Amino acid sequence: MKFIKKQDAATGEEIQLAYADYGKGRPVVLIHGWPLSKEMWEYQVNDLVSAGLRVIKYDRRGFGHSAKPWDYYDYDTLTDDLHIILEQLDLRDAVLVGFSMGGGEAVRYLSRYGNDRVSKLVLISAVTPFLAKTPDNPEGVDQSLFEEILANLKKDRISFLDDFGKKFFGVNLISHPVSTPLLEYYRMLASVASPRATEQCAIAFAQTDFRNDVQQINVPTLIIHGDADQTVPIKASGDRTAQLISNSQYLVYDGAPHGLFYTHKEKLNQDLIQFITA
């Protein structure tokens, strides 16, 4: 397993970020969602590499095989980690692909570090522009929902992950788009995360306002969201992000849940390759 090492600016401790690097060609950096790891991209990697692209995926601090410090899971710190990866691998003309929570890292990176190394952006089921309902953000999600998530994580994290996974992939009495073994696999990936990181990152994606970051985006952007997403509702996220980024293409997947990287993988991979290689 490969690691990129950095010294944490706040604590001075060494942080190891686990990553994988496949293929040759234009670099595509895959940023995973909460509370998973880089392994969530299993069904994208092969198609992207086969299309002549270089694919880099990594574990966010606190998740997967990366270091699990106690604190500093704010988006500025997470973006600094992403910057170290692009810098140490000397990635240029890169495409950032952020899923869910990872969409926040992608837009915050561009607003803080600019587009010297990044030429395109893809936001999939992303938490942008601002999830929390506030007086100046009435379209957001009610704070009570986030409080319930944190309470359930503290009470029984694994049980929460089990229930969350079903909603994540749109599983119900009528629809079962993923197998039970696969649900269990994704639950396992989420369970590997640090409990502290799981909670702190939930606070980060719920409370971070990306509206200013999104409005600064000046690279070609592809936005993809499912209209049946019950985890990050499309009206609070995809619809509004598309309105704020002028140079963007917006694809709405009919009937797609949050976890469309699996349920709609063939369509997603085709759309990714078409946009990245255009």
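That block above? That's the structure.
Residues numbered from 1 in each chain as written. Predicted model: local features only at pLDDT ≥ 70, side-chain atom pairs only at ≥ 80, totals over all residues. Heavy atoms only, no water.

Attention now goes to the overall build of the protein. Summing up its helical and strand segments, the protein has 10 helices and 8 strands in all. On the principal axes, the C-alpha backbone points of the protein span a range of 45 × 45 × 45 Å. A buried classification covers 56% of the 278 residues belonging to the protein. For the protein, long-range pairs separated by at least 24 residues make up 76% of all intrachain contacts whose partners lie at least 6 apart in sequence. When the accessible surface of the protein is summed, it comes to about 11,600 Å², and 48% of that surface belongs to carbon and sulfur atoms. Here the protein carries 29 positive and 36 negative side-chain charges, and the mean point of each set is 3 Å from the other. (Helix = DSSP H or I, 4+ residues; strand = E, 2+ residues; numbered from the N terminus. Buried < 20%, exposed > 50% of the residue type's maximum accessible area, 1.4 Å probe, protein only. Contact = heavy atoms within 4.5 Å. Areas by Shrake-Rupley, 256 points an atom, 1.4 Å probe, with all protein chains shown as cover. Lys, Arg positive; Asp, Glu negative; His and termini not counted. Charge placed at Lys NZ, Arg CZ, Asp CG, Glu CD.)

Going through the model one piece at a time under the given rule, you end up with 17 aromatic pairs. Between Trp34 and Phe205, the ring centres sit 5.2 Å apart and the planes meet at 65°, which makes this aromatic pair edge-to-face. With Trp34 in the loop between strand 3 (26-31) and helix 1 (42-50) and Phe205 in helix 6 (residues 195-207), this residue pair connects regions lying 171 residues apart in the sequence. Judged by relative accessible area, Trp34 falls into the buried class, the value being 3%. Judged by relative accessible area, Phe205 falls into the buried class, the value being 9%. (Phe/Tyr/Trp six-rings, centres within 6.5 Å; stacked < 30°, edge-to-face > 60°.)

With that settled, consider the sheet that holds strand 4 (residues 53-58). Pairing within the open sheet is mixed, and its 8 strands lie in the order 1-2-4-3-5-6-7-8. Edge positions in the sheet fall to strand 1 (2-7) and strand 8 (248-253), since each of these pairs with one other strand and no more. Neighbour-to-neighbour, the strand axes of the sheet open up by a mean angle of 20°, direction not taken into account. Here strand 1 runs beside strand 2 (residues 14-22); their pairing, made up of 6 bridges, is antiparallel. Bridge pairing links Lys2 to Tyr19 in strand 2. (Pairing = 2+ DSSP bridges. Axes fitted to C-alpha atoms, helices over the stretch in contact; angles between N-to-C directions.)

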